[in-house]
Amino acid sequence: MRENKKWLMLVLMMFCVLMISACSSEGGNVDGEKAQEIKVRINDDPDFLDPHLATASISYQMILNMFEGLFAPETDGSLSPAIAESYELSEDGLTYTFNIRDNVKFHNGNTVKVEDITYTFDRLMGTKNGDPLSSNFNNVASIEAPDTDTFVIKLKEPNSNFLYSLTALQSAIIPASNEGKHNDNPIGTGPFKFVKYSPGANLELAKHEDYWDEKLPYLDKVTFVFQSDDQSALMALKAKEVDLTGVPANRLAEVENDFNIRKQNNNSTLVVTFNQEREPFKDVRVRQAINYAINKGDIIDAVFSGYATPIGSNMSPAMGDYYKDGLQDVYARNIEKAKELLAEAGYPDGFSTKISVSSHNDMYSNIAQVIVENLREIGIKVEIEVVEWGIWLERIYFGRDYDMTTIDLTGRPSAYEILNDYISTNDSENFFRFKNAEFDKIMADVLKEADRDKQIQMYQRAQEILNEDSASVYIADYQVLWASDKEIEGLKSYPFWFHDMSEVRFTE
Amino acid sequence: MKTLMSHGKNINLIVGLLILSAFLLLMLLSFFYTPHDINAMNVANKLRGPSSEYWFGTDEFGRDIFSRIMKGTQTAFFVGALTVSIGVVFGTLIGGIAGYVGGWVDEVFMRIMDSFMAFPGIILALMLVAVFGPGIVNTSIALGLMAIPSIARIARSGFIQHKEFEYVMAAKLIGVKPFKIMFRHILPNVSSPLIVAASISFAVAMLAEAALSYLGLGVQPPDPSWGRMLKDSQAYLTSSPWYTYAPGISITLMVLGFYMLSNAIRDIMDPRSN
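Residues numbered from 1 in each chain as written. Chains lettered and ligands numbered in written order. Predicted model: local features only at pLDDT ≥ 70, side-chain atom pairs only at ≥ 80, totals over all residues.

Chain B appears in an unreviewed UniProt entry as ABC transporter permease from Psychrobacillus vulpis. As recorded by UniProt, the Subcellular location (unreviewed entry) comment attached to chain B reads in full: "Cell membrane". (UniProt positions renumbered as here; feature names shortened; annotations may be inferred.)

An unreviewed UniProt entry annotates chain A as DNA-binding protein originating from Psychrobacillus vulpis. Recorded under Subcellular location (unreviewed entry), the UniProt text for chain A is reproduced unchanged: "Cell membrane". Checking UniProt for chain A, the heading Sequence similarities (unreviewed entry) contains the comment "Belongs to the bacterial solute-binding protein 5 family."

Structure (structure tokens):
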């Protein structure tokens, strides 16, 4: 009897092995259809598929392929018309009148009606149920739909940045008929439609046949494969199980020769910052001294293997015209100067402090180690405290209970939204506790300024202030490196996290 | 009673002692001297291969790997020693009292130990570190708690056996206090399996510390720890393999040394072996 069981087990096991090998050979035999399908590796699952609920940048990376707003963000930080074909702004800067594009269809085949747009904004603003999903529309006085082609938004105060809140990032247009199912079976107007989401495994999208831009998309199918481990991802790339993946800079050498490598500025800002409500960081001289003491080049070389662009303020060159060049050289490393400044501030022998970093990415504790060494040279003793991401958010970002920290601030498509973190009254985001009257005034004035060139001047001045006042030590915008099969083309780089698949195609 | 000399041919003993004394020397030396400052960075020199100046090469910050391995020996021994002290002191106390007193005390103590044992060790340590925060002392305490149950069991069985012996009866009859009987009379007689257990937990503790540090929960940067070095080096495995070899081989050798030593001690102390 016992012997029999053993045999049974053995047969079962062999059967399993056969099954597995049968499956894998099936999976490997897809060369013929490859021209229409792409598999993209993503680090993690999306938090929500409902575009109004999602908060993680990793979610938008994928779901923006399914959704569109009235406007679409462009790769250079500007906006282009999407569901709104054109718009007019009234003289007083308060009333926006949008002309809705004809023949925009949802994935379910229905044409986008002005009712759907009204529904979208009602949902975001919580007009019906008193429970707003977004705070971006607090400045909206009213929305109206005077006829089937026109949609009107009236603001309480002029805001030159308002159009940026009308992209799929903040107000994806979704159909009223899908109420209650936006997360389980999301429907939008984007170039790809939802097929299937398997938690922990992948998200499958397929071509939207009725997409309003008839040329697009080229691909029939897009699969986002979730894989958090870089090693496994690179192995999957080599085995052709994924077609496109991000590569950590230190592993670039492994794939450089066999794959198509793209370097992309991330438009994020890596800062080493201080709690400016606390001594001794209240004193601008202390902050400047630390700025002079930190060796950005070392951090870029050691942590990013050189693949990062040094910056001098809270703006990356990825933001095009808005970026103020030259600031990255202001605090060239100068130990003598740093010591002088510290002495002037009353700390000739330095002081002791603590840098609290999150453990979710090794990058942060690695940066902290360089900081400890750099600051030791001017007499500042720094202790490293590694905390979990949740605790970091709770205690450091929201609780402001810290001396020093380092964090990568994710990029956004609008210069205003990047810089507004430093407004002294922006309590929810200004975790630096930075306070500068001129900065506050510029940021208030820029919203009333309609002229783009003048806006640019103001944003550039704002960047200068952050640099002069040493609001943080601005280290770098690190580059994201992509490795893909050689024959992929049409991958676009945005100033925020978005894997735009609409123009991607295989060139064979 | 056999002497150490008569075990001259015991391979375990010789190799084990050789490995451990080499590490011990390295550790003692590292208090006074390392070839390079362990934290001094020189990014221009990063990820250099082994050379006469940098024996084991340099890491991604251009720090000398050999110096950090030396300093890491301190971490390994510190964690091992603290863990074993906690494990042996509390394990013997709990096991001894349970075994000697017996009855419901035995039941209560040993059931508590069982519940500890039912927890996978590394998960228990992870939990404690998550609650009390990472760091070398917390790690050691967590690992020490993990070591208590197995030592308590060994101590208990020894005490149960010995409390029936005549010398214990005699001591009881002439009115020696129970505590004194337990730790002056019985303990020396049951110590050999405890010593073996202790040397094994030393090795286990080092391995567990490496594992916790590898997960980022043990020793915190910039203090060097072999486990953490292993983790950091992983990203450079294909481009700079020597960076991985150094901590990997150190951990292996050290653990091997302790296992060999504990095997040798068991052979020497076990009355049944020849």
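**Student:** Honestly, the overall build of chain A in this entry has me stumped. Any pointers?
**Tutor:** Across its full length, chain A holds 14 helices and 20 strands. For 508 residues, the compact-globule estimate of 2.2 N^0.38 gives 23 Å, and chain A sits close to it at 26 Å. Each principal axis of the C-alpha distribution contributes one length, and for chain A these read about 80 × 75 × 45 Å. In chain A, the proportion of contacts linking residues at least 24 apart, taken out of those at least 6 apart, comes to 68%. (Helix = DSSP H or I, 4+ residues; strand = E, 2+ residues; numbered from the N terminus. Rg over C-alpha atoms; globule rule 2.2 N^0.38 Å. Contact = placed C-beta atoms within 7 Å.)

**Student:** Before we go on, may I ask you to explain the nonpolar core in this structure?
**Tutor:** As a rule of thumb, soluble globular proteins bury nonpolar side chains together. Residues and elements named next belong to chain A. Core analysis: the biggest nonpolar cluster contains 72 residues, and Ala-289, Ile-371 and Ala-462 have the highest contact counts within it. By residue number, the principal contributor to this core is helix H10 (residues 362-376), which donates six residues. Apart from the residues within four sequence positions on either side, Ala-462 is in contact with Leu-419, Phe-439, Ile-442 and Met-443. Leu-64, Phe-71, Leu-205 and Leu-234 belong to the second-largest nonpolar core, a separate cluster that totals 56 residues. (Core = buried A, V, L, I, M, F, W, Y, C linked by C-beta atoms within 7 Å. Buried ≥ 20, exposed ≤ 12 C-beta atoms within 10 Å, placed from the backbone.)

**Student:** Mind showing me how you'd approach unusual backbone geometry here?
**Tutor:** Leaving glycine aside, a negative phi is the common case for residues, and trans is the common case for peptide bonds. Residue Pro217(A) follows Leu216(A) across a cis peptide bond; omega there is -15°. Note that Pro217(A) resides in the loop between strand S9 (202-207) and strand S10 (221-226). Residue Pro280(A) is bonded to the preceding Glu279(A) through a cis peptide linkage, with omega at -5°. Inspection of the secondary structure puts Pro280(A) in the loop between strand S13 (269-274) and helix H7 (284-293). Even without being glycine, Ser305(A) reaches a positive phi, approximately 50°. Mapped onto the elements of the fold, Ser305(A) is located in the loop between helix H8 (296-304) and strand S14 (308-310). Under the C-beta neighbour-count criterion, Ser305(A) is labelled buried, with 22 such atoms within 10 Å. Positive phi, normally seen in glycine, also occurs at Leu47(B), with a value near 50°.

**Student:** Would you mind going over helix H7 (residues 178-214) of chain B with me for this structure?
**Tutor:** The α-helix advances 3.6 residues per turn, and as a result positions three or four apart in sequence lie on the same side. Here H7(B) is 37 residues long, yet its end C-alpha atoms lie only 45 Å apart, well below the 54 Å a rise of 1.5 Å per residue gives. Downstream of H7(B) by a residue or two, Gly216(B) has a phi angle that is positive, lying close to 85°. (Expected span 1.5 Å × (residues − 1).)

**Student:** How should I be thinking about the domain arrangement of chain A in this particular structure?
**Tutor:** Many analyses report the size of an interface as the accessible area lost when the parts associate. Residues and elements named next belong to chain A. When cut into domains, chain A gives domain 1 (67-178), domain 2 (185-265 + 481-506) and domain 3 (269-479). Between the C-alpha centres of domain 2 and domain 3 the distance comes to 32 Å. Contact residues are listed per partner, giving eight residues for domain 2 and 13 residues for domain 3. Residue contributions to the side of domain 2 that touches domain 3 peak at three residues, all from strand S12 (residues 260-265). The residue inventory of the side of domain 2 that touches domain 3, partitioned by class, reads four nonpolar, three polar and one charged. (Domains from an automatic or database assignment. Nonpolar A, V, L, I, M, F, W, Y, C, P; charged D, E, K, R; others polar.)

**Student:** How should I be thinking about the environment of Arg505(A) in this particular structure?
**Tutor:** Residues and elements named next belong to chain A. Along the polypeptide, Arg-505 turns up in strand S20 (residues 505-506). Considering only alpha carbons, one finds Arg-505 and Ile-380, 125 residues apart in sequence, at a separation of 53 Å. Residues within four places of Arg-505 in sequence aside, it is in contact with Tyr-218, Leu-219, Glu-489 and Gly-490.

**Student:** Can you walk me through the UniProt feature "domain: Solute-binding protein family" (unreviewed entry) in chain A in this structure?
**Tutor:** Per the UniProt entry, the sites bearing "domain: Solute-binding protein family" (unreviewed entry) are residues 79-420 of chain A in this numbering. Taken end to end, residues 79-420 of chain A is 26% helix and 25% strand, and its first and last C-alpha atoms sit 19 Å apart.

**Student:** Honestly, the UniProt feature "domain: ABC transmembrane type-1" (unreviewed entry) in chain B in this entry has me stumped. Any pointers?
**Tutor:** According to UniProt, the positions carrying the feature "domain: ABC transmembrane type-1" (unreviewed entry) are residues 73-262 of chain B. Split by type, residues 73-262 of chain B is 84% helix and 0% strand. Its first and last C-alpha atoms lie 19 Å apart.

**Student:** Help me understand the confidence of the model for chain A, please; the structure alone is not making it clear to me.
**Tutor:** The predicted coordinates should not be examined in detail at positions where pLDDT is low. Residue and element names in this part refer to chain A. On average, residues of chain A score 85 in pLDDT, and 93% of them are at 70 or above. Per-element confidence in chain A is highest for H7, whose mean pLDDT is 93, and lowest for helix H1 (residues 2-28), whose mean pLDDT is 54. When the criterion is pLDDT under 50, residues 21-34 qualifies, and its contacts beyond four places in sequence or with other chains add up to one contact. (pLDDT = per-residue confidence, 0-100.)

**Student:** Can you help me understand the UniProt feature "transmembrane region" (unreviewed entry) in chain B in this one?
**Tutor:** Residues and elements named next belong to chain B. With numbering matched to this structure, UniProt assigns "transmembrane region" (unreviewed entry) to residues 12-33, 76-102, 122-148, 194-217 and 242-262. With 95% helix and 0% strand, residues 12-33 has its two end C-alpha atoms placed 31 Å apart. Between the end C-alpha atoms of residues 242-262 there is a gap of 30 Å, over a span that is 100% helix and 0% strand.

**Student:** Would you mind showing me how to read the interface of chain A and chain B here?
**Tutor:** Listed by partner, the interface residues are 17 residues for chain A and 15 residues for chain B. Elements represented by at least two residues in the side of chain A that touches chain B include exactly helix H6 (252-255), H8, H10 and strand S16 (381-387) of chain A. The dominant element in the side of chain A that touches chain B, judged by the number of residues it contributes, is H10(A), at six residues.

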